[in-house]
Amino acid sequence: RHGAVKTEDTFKTSPFHLDLWFYFTLQNWVLDFGRPIAMIILPLEWFPLNKPSAGDYFHMAYNVITPFLLLKLIERSPKTLPRSMVYVSIIMFVMGASIHLVGDSVNHRLIFSGYQHHLSVRENPIIKNLKPETLIDSFELLYYYDEYLGHSMWYIPFFLILFIYFTGCFTPVEEESRMPVAALLLMGPSSLYYWYLVTEGQIFILYIFTFFAMMALVMHQKRKGLVLDSNGLFLFYSFIITLLLIALWVAWLWNDNILRKKYPGVIYIPEPWAFYTLHMNNLHSAKESL
């Protein structure tokens, strides 16, 4: 029966999923983090501004491969997990990532026309002079689909699936609560990607609630004499390192007045691409070469 935890599953354990975690890390770095980089470095004549960019094709591949890897991860859980919730989450994930694909594609292509991510939509020089002014509303709608609706429908199911999998990563055998060397090597790249995901996606609240839920579950299971297995430790420690990286990122940019203006809320976590267009972007000259 879907959603039920079988008695015989309770004390089953699984070895470290080196293949799945490696594929996750590789495709996250190449297909997610690498897509805007590919869009920028590849010659513009290969991918005209009115056509999908290289990054868009990376995003399409990500939208197919990541749900498959998430399903394979759930299948390898030593416990029978709530399949219906997993399937609904996968569907929502694909919808959200697809919405984000469209919005992100247009927003990143605007960089070549001088769009500055460290400014709001209405403050951008190439946007605020549009006529009629209702066009600005259309760009704000595009930004909403990209940064809010798309991100929510993408990241909430993603973290939910990771947490569902995490609930099955407990064992009563202390010897199995160890990570192999391969897991330690993957932890750095994995944590760094989660830092990028949280900061660029502006999902710190979602991330920290997921992390707190993990901590609460670990303490609850510890009272039962259960400890995390190697896969659970890998995920848990990756989230801890991610939190440290976020703290260092915020401390570094704490006194940046321009970024402070764009992120005025209580939680100040600048996006890496906003930092890029503010301090490192030399793409404005590309407009003259078009």
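Residues numbered from 1 in each chain as written. Predicted model: local features only at pLDDT ≥ 70, side-chain atom pairs only at ≥ 80, totals over all residues. Heavy atoms only, no water.

A. Molecular detail of the overall build of the chain. A count of helical and extended segments in the chain gives 11 helices and 2 strands. In sequence order, the chain lays out its α and β elements as α-α-α-α-α-β-α-α-β-α-α-α-α. At 21 Å, the chain has a C-alpha radius of gyration in line with the 19 Å of a compact globule built from 290 residues. If you line up the chain on its principal axes, its C-alpha atoms span 65 × 40 × 35 Å. In the chain, buried positions account for 51% of the 290 residues. Contacts in the chain between residues far apart in sequence, at least 24 positions, make up 79% of those at least 6 positions apart. For the chain, the exposed area adds up to about 14,400 Å²; of that, 67% sits on carbon and sulfur atoms. Each charge class in the chain was averaged separately, 21 positive and 22 negative side chains, and the resulting centres sit 5 Å apart. (Helix = DSSP H or I, 4+ residues; strand = E, 2+ residues; numbered from the N terminus. Rg over C-alpha atoms; globule rule 2.2 N^0.38 Å. Buried < 20%, exposed > 50% of the residue type's maximum accessible area, 1.4 Å probe, protein only. Contact = heavy atoms within 4.5 Å. Areas by Shrake-Rupley, 256 points an atom, 1.4 Å probe, with all protein chains shown as cover. Lys, Arg positive; Asp, Glu negative; His and termini not counted. Charge placed at Lys NZ, Arg CZ, Asp CG, Glu CD.)

B. Region of interest: the packing of aromatic side chains. In total, this model carries 32 aromatic pairs according to the counting rule given. Note on W154 and Y155: the rings are 4.6 Å apart at their centroids and 20 degrees apart in plane angle, and the pair reads as stacked. On the basis of relative accessibility, which here comes to 4%, the residue Y155 falls in the buried class. The positively charged end of R260 is found above the aromatic ring belonging to W254, 4.0 Å away from the centroid. Lying over the aromatic face of Y268, R260 brings its terminal NZ or CZ to 4.1 Å of the ring centre. (Phe/Tyr/Trp six-rings, centres within 6.5 Å; stacked < 30°, edge-to-face > 60°. Lys NZ or Arg CZ within 6 Å of the ring centre and 35° of its normal.)

C. Summary view of the UniProt feature "transmembrane region" (unreviewed entry) in the chain. Within this numbering scheme, the UniProt entry marks residues 20–42, 57–74, 86–103, 154–173, 203–220 and 232–254 as carrying the feature "transmembrane region" (unreviewed entry). Secondary structure within residues 20–42 divides into 96% helix and 0% strand; the distance between the first and last C-alpha atoms comes to 29 Å. (UniProt positions renumbered as here; feature names shortened; annotations may be inferred.)

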